[in-house]
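Below, each chain spelled out in residue letters.
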Amino acid sequence: AQKVTQAQTEISVVEKEDVTLDCVYETRDTTYYLFWYKQPPSGELVFLIRRNSFDEQNEISGRYSWNFQKSTSSFNFTITASQVVDSAVYFCALSGISSGSARQLTFGSGTQLTVLP
Amino acid sequence: DTGVSQNPRHKITKRGQNVTFRCDPISEHNRLYWYRQTLGQGPEFLTYFQNEAQLEKSRLLSDRFSAERPKGSFSTLEIQRTEQGDSAMYLCASSSDWGNQPQHFGDGTRLSIL
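Note that the structure is a prediction, hence the values are computed from the model and not measured.

Enquirer: Describe the packing of aromatic side chains, and please don't skip the residues or the numbers.
Expert: Counted under the stated rule, the structure contains 22 aromatic pairs over all chains. Judged by centre distance (6.3 Å) and plane angle (45°), the rings of Tyr25 of chain A and Phe68 of chain A are tilted. With Tyr25 of chain A in strand β4 (residues 24-26) and Phe68 of chain A in strand β8 (residues 64-69), the pair connects residues that are 43 residues apart, well separated along the chain. Each member of the pair, Tyr25 of chain A together with Phe68 of chain A, is buried. Centroid distance Phe107 of chain A to Phe105 of chain B: 6.1 Å. Interplanar angle 75°. Geometry classified as edge-to-face. Highlighted residues: Phe107 of chain A in strand β11 (residues 106-107) and Phe105 of chain B in strand β10 (residues 104-105), drawn from two different chains. Three or more aromatic residues joined by ring pairs form one cluster here, namely Phe35, Tyr37, Phe47, Phe91 and Phe107 of chain A together with Tyr33, Tyr35, Phe45, Tyr48 and Phe105 of chain B. Over the face of the ring belonging to Phe74 of chain B we find Arg22 of chain B, whose NZ or CZ atom lies 3.9 Å from the ring centre.

Structure, rendered in structure tokens:
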């Protein structure tokens, strides 16, 4: 079975602060993929990043960065110099070979990020 | 390149009625997924199509739920004899059919059961 835990239900920060969203996962698969999605108030899930289990290099994209640590089964997401437009629910998700050909995503329960002006 | 399109955006119906939602995936995507999202939770997988073949449907919530993708393009999700507990956001996603390509989601259909 696969499981994704996002222990932080809600986080509030003031604009320009850095914020880290935690994600811990469980899987028996040796090959798997991790994802982050953003869900703004409009409701559409927006894809942010995909990482495979063999690539533990951290990734940076503008103000976003991701820290993948297999040893602790974590895939944390940091927003640097947060902005009001970053306010949204952020989901971490997992997909593995045990999902079969479907490759369906197992989502965490999400973290509501509020960035205050 | 248009994204995933879902219709309607909102559906309000009385308990016991049947409802049908439509999803138009990104045109070059062969894989199509349906998820359900309840308040405060992440999306929950329901079913999956590879072209017109429904390859995974064991996670549909009950036999009142069914989905089709007759020509391998758009898909429909039907809920028969709706119940209060069916109130949720129903999300459709599509992806290309190799590896673990990211799924791209539509805006969803919000179902409210009176």
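Enquirer: Go over the sheet that holds strand β3 (residues 19-24) of chain B, please, and point to the residues and values.
Expert: All names here are of chain B. An order of β1-β3-β8-β7 is seen for the four strands of this open sheet, with the pairing classed as antiparallel. Edge positions in the sheet fall to β1 (5-7) and β7 (65-68), since each of these pairs with one other strand and no more. The sheet shows a mean angle of 15° between the axes of neighbouring strands, direction not considered. When β1 meets β3, the two strands line up antiparallel, connected through three bridges. The residue bridging Gln6 from the neighbouring strand is Cys23, located in β3.

The rules behind these values
The numbers attached to residues start from 1 for each chain and follow its sequence in the written order. Chains carry letters from A onward and ligands carry numbers from 1 onward, assigned in written order. Restriction of local features to residues with pLDDT of at least 70 applies here, the model being predicted, together with a cutoff of 80 or more for giving and counting side-chain atom pairs; totals for whole chains, interfaces and linings are based on all residues. Each side-chain value is worked out from all heavy atoms of the structure, with water and hydrogens disregarded. In this scheme Phe, Tyr and Trp rings, the latter by its six-membered ring, pair at centre separations within 6.5 Å, and the angle between planes marks the pair as stacked below 30 degrees, edge-to-face above 60, and tilted otherwise. By definition, any uninterrupted DSSP run of H or I lasting at least four residues is a helix, any uninterrupted run of E lasting at least two residues is a strand, and each is numbered from the N terminus. Note on exposure labels: buried denotes an accessible area under 20% of the residue type's maximum, exposed denotes more than 50%, and partly exposed covers the range between, all computed with a 1.4 Å probe on protein chains only. Charge over a ring is defined by NZ of Lys or CZ of Arg lying within 6 Å of the ring centre and within 35 degrees of the ring normal. Whether two strands pair comes down to DSSP finding at least two bridges between them. Angles shown run from 0 to 180 degrees and are taken between the N-to-C directions of axes, each axis being a line fitted to C-alpha atoms and, for helices, limited to the stretch in contact.

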